[in-house]
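# Residue-level structural notes
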Amino acid sequence: MARVAYVNGRYLMRDMAAVSIEDRGYQFADGVYEVIWVQQGRPVDLGRHLDRLDDSLQSLGISRPMSHAALKVVVGEVIRRNLLRNGHVYIQSTRGVSRRDHLIPEGTLPSLVVMASRESQRDAHIQEQGVAVITIPDIRWKRCDIKSIALLPNIIGKQKASQGNAFDAWQVNGHDIITEGTTTNAWIIGAKGEVITHPANHSILSGITRQVVMELAMEEGLSVYERPFTVAEARRAKEAFITSTTNYVVPVVSIDGHKVGAGRPGPVTKSLLKRYLAHMARDGE
Ligand code: PDD
């Protein structure tokens, strides 16, 4: 297990690492986070993750805990001190410590925690066999673009998926549109081989993996559409898949028990996974 965590200026043994009970993250989920994959000791797409962290902080009016250059040093130190080869780094920044009051306090110092988690490379089995997803109502707020630590609907959805022997739950809004998974972005391949994913607006998190996979799909000469799609369209799709930092590209072979396409990972998904794995091997700062 990774043993050292950075907490507000200090590197501490994980068992001893703690934040104040008056941290607004603890009391109000008044904070944001990032999860960054580490491949062979190198953080993948670190720059993009730090840019998104800034966007989340800015949307909530929380000041940056430190510059990107300094944060890159901390991330590097956490990787080094934990001798991390493969796994992920978790960054959490909150509005800081203040007496409990719903009103936003002025002048608090943002809290910053950076920790690491050792993980083996993703189980090739799920990439080869594909996974099942279920659909659930999207009961989240209207700013899902902010990577907020308030994740109750997501954890309840993920739990429902697990209870239904599914890998994830795709969230469906009041118009029967699939927005995204609980920890992943959702994609389908249409009849002409076109790649379709929900637009990056306030209804979804603009996944870093999503951004990279869109670029890789375009490089491959595929037509990419950022547009909403319904549950019915997803069921009729040739292929479907999900993307996230910790799962890369995972084929979806059934939705609510209905087979997608042939019920096996399809060629477009497999090719995008291959390209994404190559991207991960290349990237790193
Ligand atoms: N989850 N949508 C949601 C709701 C997510 O929580 C995530 C990431 C994604 C994919 O984003 P990215 O490609 O940047 O990982 C989409 C992370 C991994 C988590 O909460 O652990």
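Parameters and conventions
Residues numbered from 1 in each chain as written. Predicted model: local features only at pLDDT ≥ 70, side-chain atom pairs only at ≥ 80, totals over all residues. Heavy atoms only, no water. 1 Å grid on protein atoms, 1.4 Å probe; cavity = no way out; pocket = protein on both sides within 12 Å on 5 of 7 lines; lining within 4 Å. Points joined across faces, edges and corners; volume = space filled by probe spheres on them. Helix = DSSP H or I, 4+ residues; strand = E, 2+ residues; numbered from the N terminus. Nonpolar A, V, L, I, M, F, W, Y, C, P; charged D, E, K, R; others polar. Phe/Tyr/Trp six-rings, centres within 6.5 Å; stacked < 30°, edge-to-face > 60°. Buried < 20%, exposed > 50% of the residue type's maximum accessible area, 1.4 Å probe, protein only. Lys NZ or Arg CZ within 6 Å of the ring centre and 35° of its normal. Core = buried A, V, L, I, M, F, W, Y, C linked by side-chain atoms within 4.5 Å. Contact = heavy atoms within 4.5 Å. Axes fitted to C-alpha atoms, helices over the stretch in contact; angles between N-to-C directions. Parallel < 35°, antiparallel > 145°, perpendicular 65-115°, else oblique. Left-handed = near helix turned anticlockwise from the far one by under 90°.

Looking now at the layout of surface pockets. Empty space within the largest pocket amounts to approximately 770 Å³. Forming the walls of the largest pocket are 40 residues, and the residues nearest its centre are Tyr33, Lys147, Ser148, Leu151 and Asn154. Contributions of two or more residues to the lining of the largest pocket are made by α1 (24-28), β3 (31-39), α2 (46-60), α5 (152-163), α6 (208-219) and β12 (239-244). In terms of residues, the lining of the largest pocket owes the most to one element, α5, which gives 4 residues. Grouping the constituent residues of the lining of the largest pocket by class yields 15 nonpolar, 15 polar and 10 charged.

In this description, an aromatic ring pair is defined by two values, namely the gap between the centres and the angle between the planes. If you walk through the whole model with that rule in mind, you get 6 aromatic pairs. Between the aromatic rings of Tyr6 and Tyr11, the centroid separation amounts to 5.3 Å while the plane-to-plane angle is 65°, which identifies the pairing as edge-to-face. Ring geometry for Trp37 versus Tyr248: centroids 5.5 Å apart, planes at 80°, classification edge-to-face. A residue pair is termed long-range when its members are at least 10 positions apart, and Trp37 in strand β3 and Tyr248 in strand β13 (residues 248-255) qualify at 211 residues. Each member of the pair, Trp37 as well as Tyr248, is classed as buried. Members of the aromatic cluster, connected to one another through ring pairs, are Trp37, Tyr248 and Tyr276. Directly above the ring of Tyr11 sits Arg81, whose terminal nitrogen or CZ lies 4.0 Å from the centroid. Directly above the ring of Phe167 sits Lys158, whose terminal nitrogen or CZ lies 5.0 Å from the centroid.

Attention shifts here to the nonpolar core. Tyr6, Leu71, Val75, Val89, Ile91, Leu112 and Val114 are the most contacted members of the largest nonpolar core, which totals 23 residues. Secondary structure elements with two or more residues in this core: β3, α2, α3 (68-81), β5 (87-94) and β6 (111-118). The element best represented in this core is α3, accounting for 5 residues. If sequence neighbours within four positions are ignored, Val89 has contacts with Glu34, Val35, Ile36, Val38, Val75, Ile79, Leu84, Val114, Met115 and Ala116. Formed by 20 residues, the second largest nonpolar core is a distinct cluster that contains Trp37, Val195, Leu273 and Tyr276.

As a further point, take the packing of α2 against α6. Where α2 meets α6, the closest approach of the two axes is 10 Å, and the angle between their N-to-C directions is 130°. Between α2 and α6, the interaxial angle falls into the category oblique. In this structure, α2 crosses over α6, and the sense of that crossing is right-handed. In this structure, α2 uses Arg48, His49 and Arg52 to contact α6, whose residues at the interface are Ile208, Gln211, Val212 and Glu215. Looking at side-chain class alone, the contact of α2 with α6 contains 2 nonpolar, 2 polar and 3 charged residues.

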